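Listed below are the residues making up each chain.
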Amino acid sequence: MKNVPNETYIPSDDIAKIKSRLIDQIGSMSDAEVRIAAKSEASLRAFVSGLFRSIAELFGYVVGEVIGFGRDIVKAIGGGWQKGFNAGLR
């Protein structure tokens, strides 16, 4: 077993082998295969982007509901307080 400094460390000779293998694989692909790979990448990118957008919308909705609920409680307390205070001044 080889000791490495972190989980992203790849020895330079392994990087060269990986690059060479990937270049060979891409070079041997037909135009149709390259188009399929490009479409797959674009589809994945659009899916992930849409997923994060949906998560952000849901989070925004939840935060808005919580803030709205808190605001309504504060308004109710403030209105009740004011009504009671005015009644007490009579």
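In this text the structure is predicted, and so the values were computed from the model without any measurement.

Basis of the calculations
- Residues numbered from 1 in each chain as written.
- Predicted model: local features only at pLDDT ≥ 70, side-chain atom pairs only at ≥ 80, totals over all residues.
- Heavy atoms only, no water.
- Helix = DSSP H or I, 4+ residues; strand = E, 2+ residues; numbered from the N terminus.
- Rg over C-alpha atoms; globule rule 2.2 N^0.38 Å.
- Buried < 20%, exposed > 50% of the residue type's maximum accessible area, 1.4 Å probe, protein only.
- Salt bridge = Lys/Arg side-chain N within 4 Å of Asp/Glu carboxyl O.
- Patch = residues over 30% accessible without salt bridge, like charges linked within 9 Å, V, L, I, M, F, W, Y side chains within 5 Å.
- Areas by Shrake-Rupley, 256 points an atom, 1.4 Å probe, with all protein chains shown as cover.

Draft legend 1. Layout of the overall build of the protein chain. Scanning the protein chain from N- to C-terminus turns up two helices and zero strands. Against the globule reference of 12 Å for 90 residues, the protein chain gives a C-alpha radius of gyration of 30 Å, more extended than a compact globule. With the C-alpha coordinates aligned to their principal axes, the bounding extent of the protein chain is approximately 90 × 40 × 15 Å. Looking at the protein chain residue by residue over its 90 residues, the buried ones come to 2%.

Draft legend 2. Structural context of the pattern of salt bridges. Applying the stated criterion across every chain yields a total of two salt bridges. Across the salt bridge formed by Arg 45 and Glu 41, the nearest N and O atoms sit 2.6 Å from each other. In this pair, Arg 45 and Glu 41 both sit in helix H2 (residues 31–89), four residues apart, roughly one turn of the helix. Salt-bridge contacts for Arg 71 lead to Asp 72; the nearest nitrogen and oxygen are separated by 3.8 Å.

Draft legend 3. Molecular detail of a nonpolar patch on the surface. Taken together, Leu 44, Phe 47, Val 48, Leu 51, Phe 52 and Ile 55 make up a surface patch of nonpolar side chains, about 600 Å² in accessible area. Among the structural elements, Val 48 can be located in helix H2. Judged by its relative accessible area of 33%, Val 48 falls in the partly exposed class.

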